[in-house]
Amino acid sequence: MSQHRHPGAPGSAGAVPALPDLPEATVARLPEYLRALHNLADAGHETVSSEGLSAAAGVNSAKLRKDLSHLGSYGTRGVGYDVALLIEQIEYVLGLTQRRAVALVGVGNLGHALAGYDGFASRGFRIAALLDADPSRVGEEINGLVVRHVDELPAVAVEESIAIGVIATPAAAAQRVADQLVAVGVTSILNFAPCVLSVPEGVDVRKVDLAIELQILSFHEHRKASLTALPATGGSALTALPGGLAATDTQEAIGT
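Just so we're clear, the structure is a prediction, and the values are computed from it rather than from any experiment.

Draft legend 1. Up close: the pattern of salt bridges. Evaluation of the coordinates by the stated rule reveals 8 salt bridges. Its salt-bridge partner being Glu-160, residue Arg-126 comes within 3.2 Å of it at the nearest N-O pair. You can see Arg-126 sitting in strand 4 (residues 125-132) and its partner Glu-160 sitting in helix 6 (residues 153-160), a full 34 residues away along the chain. Take Arg-126: its relative accessible area is 31%, and that puts it in the partly exposed class. With relative accessibility at 24%, the residue Glu-160 sits in the partly exposed group. With its nearest N and O atoms 2.8 Å apart, the salt bridge here joins Lys-224 to Glu-221. On the criterion of helical spacing, the pair formed by Lys-224 and Glu-221 is a turn pair, its members being 3 residues apart in helix 8 (residues 210-228). When its relative accessible area of 46% is taken as the criterion, Lys-224 is described as partly exposed. A single salt-bridge network, built from bridges that share partners, covers Arg-148, Glu-152 and Glu-159.

Encoded structure:
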């Protein structure tokens with residue numbers, strides 16, 4: 001982990017190291033902490049204990065303390081964390097001290113909803129351009145932005161200094177759009193299309209697939225139902241798995 005301090009790092013005490021090397025799991029939790037901290041700040045709280053913040057963010061306090069220690073933030077015994085300073089530190093690490101321009105490609109039902117979402121602006125992002133390949137969509141105005149043809153992406157990327165691309169197209173068009181985004185220098189992509197993208201090294205892709213999330217919830221429902229159906233004696237009942245295999249209900253529930 002780099003311990004060199006950035007000249008523009010927030011605060012003097014407990015300043016954030018420049019570009020700390022963070023575990024991916026920690027990075028994934030930082031936005032949850034940030035959202036909880038903003039809610040606390042809006043409610044007038046100046047400090048928060050690790051237990052209070054962990055409860056607000058939905059994680060255990062030991063994990064939270066370890067995550068925040070990566071930022072050089074350990075709180076004050078008996079007081080907790082300074083809410084405003086911790087917001088500043090997390091926003092710095094996440095690169096939210098500047099508003100990043102986002103290009104949204106695909107303005108169907110999902111894209112239309114994303115384009116109208118006001119929460120992006122309050123979290124450091126600016127939807128700078130809406131693009132689509134459908135001529136019937138081009139020229140439509142959504143939330144103050146006029147939809148442009150995706151072929152204009154090279155010009156849009158330069159005009160708006162696009163930092164992040166969001167793909168909300170059908171799966172069949174997603175790879176082509178990803179290639180176009182990479183070609184104009186976009187190296188961060190959020191993909192809502194239900195497919196796996198192939199991108200060069202150095203390009204970061206985050207995938208959001210609502211159907212997969214529902215399938216995971218279905219697994220948990222299946223698991224709960226299987227555990228509930230176990231014999232009252234605590235024994236293991238055998239169930240038939242697809243393909244003629246047999247497993248106990250518990251094995252079936254946990255996928256072993």
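Draft legend 2. Looking closely at the layout of surface pockets. The volume enclosed by the largest pocket comes to roughly 2,100 Å³. Looking at the lining of the largest pocket, the elements that each hand over two or more residues are helix 1 (24-42), helix 4 (83-93), strand 3 (100-105), helix 5 (109-115), strand 4, strand 8 (162-167), strand 9 (188-191) and strand 10 (204-207). Among the elements that take part in the lining of the largest pocket, helix 1 stands out by supplying 8 residues, more than any other. Residue composition of the lining of the largest pocket, by class: 28 nonpolar, 5 polar and 8 charged. Each of domain 1 (24-93) and domain 2 (100-210) gives at least three residues to the lining of the largest pocket. Lining the second largest pocket are 16 residues, and of these Asp-132, Ala-133, Asp-134, Thr-169 and Ala-173 sit closest to its centre. Among the elements that make up the lining of the second largest pocket, the one with the highest residue count is helix 7 (residues 171-183) (4 residues). Its residues placed into classes, the lining of the second largest pocket shows 8 nonpolar, 4 polar and 4 charged.

Draft legend 3. Focus on helix 3 (residues 61-69). Every buried residue of helix 3 is listed here: Ser-61, Leu-64, Asp-67 and Leu-68. Take helix 3 and look down its axis: the buried residues cluster within an arc of 120°, on one side only. Where helix 3 starts, the residue carrying a side-chain oxygen 3.2 Å from the main-chain nitrogen of Ala-62 turns out to be Asn-60.

Criteria and cut-off values
- Residues numbered from 1 in each chain as written.
- Predicted model: local features only at pLDDT ≥ 70, side-chain atom pairs only at ≥ 80, totals over all residues.
- Heavy atoms only, no water.
- Salt bridge = Lys/Arg side-chain N within 4 Å of Asp/Glu carboxyl O.
- Helix = DSSP H or I, 4+ residues; strand = E, 2+ residues; numbered from the N terminus.
- Buried < 20%, exposed > 50% of the residue type's maximum accessible area, 1.4 Å probe, protein only.
- 1 Å grid on protein atoms, 1.4 Å probe; cavity = no way out; pocket = protein on both sides within 12 Å on 5 of 7 lines; lining within 4 Å.
- Points joined across faces, edges and corners; volume = space filled by probe spheres on them.
- Nonpolar A, V, L, I, M, F, W, Y, C, P; charged D, E, K, R; others polar.
- Domains from an automatic or database assignment.
- Arc of directions from axis to C-beta.
- Polar contact = N/O pair within 3.5 Å; in protein donor to acceptor, adjacent residues only side chain to side chain.

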